[in-house]
Amino acid sequence: MAKRVQVVLNETVNKLGRMGQVVEVAPGYARNYLFPRGIAEPATPSALRRVERLQEKERQRLAELKAIAEKQKATLEKLATITISMPVGEKEMLFGSVTPQDVANAIQAITGETVDRRAMVLPEIRKLGTYTAEIKLHPEVSVKLNIQVVAD
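Cut-offs used in this document
- Residues numbered from 1 in each chain as written.
- Predicted model: local features only at pLDDT ≥ 70, side-chain atom pairs only at ≥ 80, totals over all residues.
- Heavy atoms only, no water.
- Helix = DSSP H or I, 4+ residues; strand = E, 2+ residues; numbered from the N terminus.
- Rg over C-alpha atoms; globule rule 2.2 N^0.38 Å.
- Contact = heavy atoms within 4.5 Å.
- Areas by Shrake-Rupley, 256 points an atom, 1.4 Å probe, with all protein chains shown as cover.
- Lys, Arg positive; Asp, Glu negative; His and termini not counted.
- Charge placed at Lys NZ, Arg CZ, Asp CG, Glu CD.
- Expected span 1.5 Å × (residues − 1).
- Buried < 20%, exposed > 50% of the residue type's maximum accessible area, 1.4 Å probe, protein only.
- Salt bridge = Lys/Arg side-chain N within 4 Å of Asp/Glu carboxyl O.
- Core = buried A, V, L, I, M, F, W, Y, C linked by side-chain atoms within 4.5 Å.
- Pairing = 2+ DSSP bridges.
- Axes fitted to C-alpha atoms, helices over the stretch in contact; angles between N-to-C directions.

Asker: Describe the overall build of the protein, naming the residues involved and giving the relevant values.
Answerer: Of the regular secondary structure elements, the protein holds three helices and seven strands. Walking the protein from its N terminus toward its C terminus, one meets helices and strands in the order β-β-α-β-α-β-α-β-β-β. By the compact-globule yardstick of 15 Å for 152 residues, the protein is too spread out, its C-alpha radius of gyration being 24 Å. A principal-axis box enclosing the C-alpha atoms of the protein has dimensions of 75 × 30 × 20 Å. Counting contacts in the protein only where the partners sit at least 6 residues apart, residues at least 24 apart contribute 47% of the total. Accessible surface for the protein amounts to roughly 10200 Å². Of this, 50% is attributable to carbon and sulfur atoms. On the protein, the mean spot of the 23 positive side-chain charges and the mean spot of the 18 negative ones are 9 Å from each other.

Okay, here's the thing in structure tokens:
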């Protein structure tokens, strides 16, 4: 059995590890695949120091993103309810439904904040009434909003 070698990944590799991780691989895999393609490099002290600096920058960037998400959460929590007007047919049924894009547009019109429509979890809104939506602003930060649907 050949011994394993430690490498530092320059890219994320499926079933192996994420960028910046130190992993152990077979020497042939490292020499014939990872090194020539620039996917990894040998785990030397200088490479480890460089990875540590990159990880620190990444931690700072993620902390800034979380702070921005917290600020956005505070702005959105000030809104008691978002009112969306839609055309209505018989029995208070909507023509169509309220989509995450409709909610994102309403939030932007009221607060000026842009919210990613893909980060919203909405119930199926096909009737008039009040509904609760959850918006994930960051993996650790989410906010619940009340959405009131009224007739046009």
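Asker: Outline helix α2 (residues 45-78), supporting the account with residue identities and numerical values.
Answerer: With 34 residues, α2 extends 50 Å from end C-alpha to end C-alpha; this agrees with the ideal 50 Å at 1.5 Å per step. The complete set of buried residues in α2 reads Ala47, Val51, Ala69, Gln72 and Leu76. Buried-residue contacts for α2 involve β1 (5-9), β3 (40-42), α3 (100-111), β6 (129-138) and β7 (141-151).

Asker: Any details on the pattern of salt bridges? Residues and values, ideally.
Answerer: What the rule picks out here adds up to nine salt bridges. Its salt-bridge partner being Arg59, residue Glu52 comes within 3.4 Å of it at the nearest N-O pair. Between Asp116 and Arg118 there is a salt bridge; the shortest N-O distance is 3.3 Å. Its relative accessible area of 38% is what places Asp116 among the partly exposed residues. In this structure, a network of salt bridges that share partners links the residues Glu52, Glu56 and Arg59.

Asker: Hey, could you go over the nonpolar core for me, with residue numbers and the actual values?
Answerer: With 24 residues, the main nonpolar core has Leu76, Ile84, Val98, Ile107, Ile135 and Val149 as its most contacted residues. When contributions to this core are tallied by element, the ones reaching two or more residues are α2, β4 (81-86), α3, β6 and β7. A per-element tally of this core places β7 first, with five residues. Setting aside residues no more than four positions away along its own chain, Ile107 makes contact with Leu76, Ile82, Gly112, Glu113, Val115, Met120, Ile135 and Leu145. Among the nonpolar cores identified, the runner-up in size contains nine residues, and Val7, Leu9, Leu34 and Ile39 belong to it.

Asker: I'd like to hear about the sheet that holds strand β5 (residues 120-121), residue by residue, with values.
Answerer: Pairing is mixed across the open sheet formed by four strands, whose spatial order is β4-β7-β6-β5. The open sheet is flanked by β4 and β5, the only strands paired with a single partner. Sheet topology places β4 next to β7; six bridges connect them, and they run parallel. Across the sheet, Ile82 pairs through a bridge with Ile147, a residue of β7. The strands that α2 touches are β6 and β7; relative to β7, the one it contacts most, it runs at about 35°.

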